[in-house]
Amino acid sequence: MPRKIILDVDTGSDDACAIMLAWLHPEIQLEAVCTVKGNQPLKYTTENTLRIRELLHADFPVYRGCAHGLVSDLVYPRIPVTKNADAVDEHGNVLHIHKELFDLPEATGKCEEMPAPMFYVDYLSKAEEPVTVVMVGPLTNLAVALLIKPEIAEKIEEIVIMGGGHNITNVTLAAEFNIYDDPESALRVLHCGAKITMVPLDATHTAYISKKESDQLREISTPEANFAADLIDLRIMVHDQVQPLEVKGSCALHDPLCIAYLIDPEVLQNVSLCNVEVSLSGITYGQTIVDQRYMQKERNVYYAFRGDHERFAKILVDAFRH
Ligand code: BDR
Ligand code: CA
């Protein structure tokens, strides 16, 4: 039986690959996609999601979600995003790892009427079978749904979150982007009582995707495989310049690793059940704090400290092949 999932995205480059993997893989049943602001403002993350749906000739419903975090953009003084170095192309133009809009035809299809948090409340209240929620953007939509009806947490089989970082951070010296963008929502979700698996930068950077995989995707030569290859090549250019990984010519393809975990849990390694909290103050605003003490009692998150490149690469490429 394929695993039923709801996928929550802020469609940028790696979110797009997560949607494609979820749609293409036979072991995943994509019930719905919810959008949230994050990599770009909501109107772009939603339009990008619709464009990917059309690229795939898919028919999953798309629910437009929250345009702002719970309070994060009102918090003052908030530690600003660290001024990070820019990657440039061969002409010296700045490369953006997430374009405002994908170079794909404008979407003709529309979103559903119901806003994403209401969809969670409605769908989960009525759900008779287990459903997994995969969150690969800021956690606002589910946090708002949990504020409205906390009991829906009991209907969720597992929440898989791309977010956080223990040894690796990106958006500030202390924080990873998805958690930093709405840390108050992240805390709500981390303490909702459902089983939670966190796929942080520690896992996505070690389960890197390389030029070898983008070449294999190009050989498949379908429109969606070519598009995924383009996104991966862009990410490799950026990573090599500003955030090099263990292997030159590779990138972190964060969001699809959450989908790959549902297909083969072994893609995550060194997984430890521990207490994960989120800092809401000062220079560490948005930091995930991972308790590793033996004595800790309140353990809320399965936290993955590593990922397996070989397994992840195979799942990704095979899904486009079939
Ligand atoms: C996360 O932030 C976003 O930019 C990516 O899509 C990913 O979900 C990585 O920190
Ligand atoms: Ca994302």
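To start, this report covers the structure provided alongside it. All residue numbers refer to position in the chain's written sequence, counted from 1. Note on labels: chains are lettered from A, ligands numbered from 1, in written order. Local features in a predicted model are, by the rule used here, given only for residues with pLDDT of at least 70; side-chain atom pairs are given and counted only at 80 or more, and totals for whole chains, interfaces and linings are based on all residues. Values reported for side chains reflect all heavy atoms of the structure, with hydrogen atoms and water molecules removed beforehand.

## Some words on the side chain of D10
Helix and strand assignments follow DSSP, with helices taken as H or I runs no shorter than four residues and strands as E runs no shorter than two, numbered in order from the N terminus. With respect to the element layout, D10 can be found in the loop between β1 (3-9) and α1 (13-24). As a buried residue without a salt bridge, D10 has its nearest oppositely charged side chain in K37, at a separation of 8.7 Å. We define a polar contact as two N or O atoms separated by no more than 3.5 Å, with the added condition that, inside protein, one atom must be a possible hydrogen donor and the other a possible acceptor, whereas residues neighbouring each other in sequence contribute only through side-chain atom pairs. Within the structure, D10 has its side chain in polar contact with the backbone nitrogen of N39 (distance 2.8 Å). The buried label applies to any residue whose accessible area, calculated with a 1.4 Å probe on protein chains only, is under 20% of its type's maximum; exposed applies above 50%, and partly exposed to all values in between. Only four residue types enter the tally: Lys and Arg on the positive side, Asp and Glu on the negative side; His and the chain ends are excluded. Salt bridges are defined by distance alone: a side-chain nitrogen of Lys or Arg within 4 Å of a carboxyl oxygen of Asp or Glu.

## Examining a nonpolar patch on the surface
Together, M114, M118, L147 and I148 line one region of the surface with nonpolar side chains, adding up to about 340 Å² of accessible area. For I148, the position within the fold is in helix α4 (residues 140-148). To count toward a patch, a residue needs a relative accessible area above 30% and no salt bridge. Like charges then connect within 9 Å, nonpolar side chains (Val, Leu, Ile, Met, Phe, Trp, Tyr) within 5 Å. The protein chains shown are the only cover counted for residues, whose accessible areas, like all others here, come from Shrake-Rupley with a 1.4 Å probe.

## Description of the sheet that holds strand β8 (residues 196-199)
DSSP-based pairing: two strands are paired if at least 2 bridges between them are found. Read from one edge of the open sheet, eight strands run β3-β2-β1-β6-β7-β8-β14-β11, paired in mixed fashion. Of all strands in the sheet, those with a lone pairing partner are β3 (62-64) and β11 (268-274), marking the two edges. Direction aside, the axes of adjacent strands within the sheet are offset by 20° on average. Where β1 meets strand β6 (residues 131-135), four bridges bridge the pair, whose relative direction is parallel. Directly across from I5, in β6, lies its bridge partner T132. Contacts are assigned to residue pairs that have any heavy atoms within 4.5 Å of one another. Axis definition: a line fitted to C-alpha atoms, limited for helices to the stretch in contact. Angles are taken between N-to-C directions and run from 0 to 180 degrees. Strands β1 and β2 (28-35) of the sheet are contacted by α1, whose axis makes an angle of about 165° with β1.

## Some details on the layout of surface pockets
Quantified by volume, the largest pocket comes out at close to 1,000 Å³. Lining the largest pocket are 35 residues, with N84, I97, H98, V171 and F177 positioned closest to its centre. Secondary-structure elements contributing two or more residues to the lining of the largest pocket are α1, β5 (94-95), α5 (177-181), α7 (201-206) and α9 (223-242). Residue contributions to the lining of the largest pocket peak at four residues, all from α9. Here the term charged refers only to Asp, Glu, Lys and Arg, the term nonpolar to Ala, Val, Leu, Ile, Met, Phe, Trp, Tyr, Cys and Pro, and the term polar to all other amino acids, Gly among them. Classifying every residue of the lining of the largest pocket gives 13 nonpolar, 13 polar and nine charged. The way it works is a 1 Å grid over only the protein atoms, where trapped points that fit a 1.4 Å probe form a cavity and open points with protein on both sides within 12 Å along at least five of seven lines form a pocket, and then any residue with an atom within 4 Å of a point lines it. Grid points are joined across faces, edges and corners, and a volume is the space filled by probe spheres set on the points.

## Quick look at the environment of K248
Inspection of the secondary structure assignment puts K248 in the loop between α9 and β10 (250-251). In this structure K248 comes out as exposed when scored by relative accessible area, which is 72%. Spatially, the C-alpha atoms of K248 and V271 are 26 Å apart, while their sequence positions differ by 23 residues.

## Remarks on the site of ligand 1
Residues are classed as near a molecule or strand on a simple rule: at least one heavy atom within 4 Å of it. Around ligand 1 sit 13 residues in total, of which D14, N39, N170, E176 and D255 are the nearest. Between ligand 1 and H98, the relevant distance is 3.1 Å, taken from an oxygen atom to a side-chain nitrogen or oxygen of the residue. Contacts to ligand 1 include N178, whose side-chain N or O atom sits 2.9 Å from an oxygen atom. In isolation ligand 1 offers 280 Å² of accessible surface; the protein chains occlude 95% of this area. A pocket or cavity is taken to hold a molecule when more than half of that molecule's atoms are within 2 Å of the pocket's grid points. Under a 2 Å grid-point criterion requiring more than half of the atoms, the pocket assigned to ligand 1 is the largest pocket. Elements supplying a minimum of two residues to the shell around ligand 1: α1 and α5.

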